[in-house]
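Analysis of the macromolecular model
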Amino acid sequence: QVQLVESGGGLVQAGGSLRLSCAASGIIFRINVMGWYRRAPGKARELVADITSGGSTNYADSVKGRFTISRDNMKNTVYLEMNSLKLEDTAVYSCVARTTSGNYWGQGTQVTVSS
C-alpha cells in the first residue's frame, strides 16, 4: 500500500503561482512514476505532468513552459510548481503513484484561479 497526502492548493489570481506537494508513505520502493492529474468541472481527468524515479518528466501541452514537476526521492515527495496560472487551470489536482502493484491516488486538492 502507498499513501499519498497532498497540500498546497488554494485560490490564486490569474498570472499567479502555486506549488503543490504530494508526500508518499508506505511501500514506496515500488513507486516507479509519480505525477499529477486534474479534473476540471464538466471535463475528463487529464494528466498534467509526471516524473520517473530517474527524473524524466512528461507534461501536458497545455502546461508546458508554465508548470514544473520535481521529485525529492529522499523525502518521497513530488512537487508541482505552477506559474502563470490561467482560469482554465482551475481544477481538482490529484497526485498519483504508479507502482508495480497498481496505481495509488491522493485525495485531491482544489486549485481555483480567479480573474
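Here the structure is shown first, and the text comes after it.
Every chain is numbered independently, its residues counted from 1 as its sequence is written. Where local features are concerned, this predicted model is filtered to residues with pLDDT of at least 70; where side-chain atom pairs are given and counted, the filter is 80 or more; whole-chain, interface and lining totals use all residues. No hydrogens and no water enter the side-chain calculation; it runs on all heavy atoms of the structure.

Bringing unusual backbone geometry into the picture now. The phi torsion at N76 lies on the positive side, around 55°, for a residue other than glycine. You will see that S84, though not glycine, has its phi angle at about 50°, which is positive. Its location among the elements puts S84 in the loop between β8 (77-82) and β9 (91-99). Going along the chain from the N terminus, every DSSP run of H or I of four or more residues is numbered as a helix, and every run of E of two or more is numbered as a strand.

Turning to the nonpolar core, a few remarks are in order. Across soluble globular proteins, nonpolar side chains have a tendency to be buried as a group. We call a set of buried residues a nonpolar core when its members are Ala, Val, Leu, Ile, Met, Phe, Trp, Tyr or Cys and they connect through side-chain atoms within 4.5 Å of each other. When accessible area is computed with a 1.4 Å probe and restricted to protein chains, residues below 20% of their type maximum are described as buried, those above 50% as exposed, and intermediate ones as partly exposed. Formed by 30 residues in total, the largest nonpolar core has its most connected members in L4, M34, W36, L80, M82 and Y93. Elements with a minimum of two residues in this core: β1 (2-7), β3 (18-26), β4 (31-39), β5 (46-52), β7 (67-72), β8, β9 and β11 (109-114).

Another aspect to go through is the environment of G54. Mapped onto the fold, G54 is located in the loop between β5 and β6 (57-59). According to the relative accessible area criterion, G54 is exposed, its value standing at 70%. As for G54 and V78, which are separated by 24 residues in sequence, their C-alpha atoms are 13 Å apart.

Any two strands with at least two DSSP bridges between them are considered paired. Sheet architecture is open: 4 strands sit in the order β1-β3-β8-β7, paired in antiparallel fashion. Each edge of the open sheet is held by one strand with a lone partner, namely β1 and β7. Averaged over neighbouring strand pairs, the angle between their axes works out to 15° when direction is ignored. Every angle, taken between N-to-C directions, lies between 0 and 180 degrees, and every axis is a line fitted to C-alpha atoms, over only the stretch in contact when it is a helix.

Looking now at the state of the cysteines. Cysteine sulfur atoms that come within 2.5 Å of each other are treated as a disulfide pair. Counted according to the given criterion, the structure contains 1 disulfide. Each sulfur in the disulfide pair C22 and C95 lies 2.1 Å from the other. Because the sign of the S-S torsion sets the handedness, a value of about -80° for the bond joining C22 and C95 places this disulfide among the left-handed ones. Residue C22 is found in strand β3, and its partner C95 is found in strand β9; the two are separated by 73 residues along the sequence. Across the pair, C95 and C22 agree in class, each one buried.

Note that all results are geometric; they support no functional claim without further evidence.
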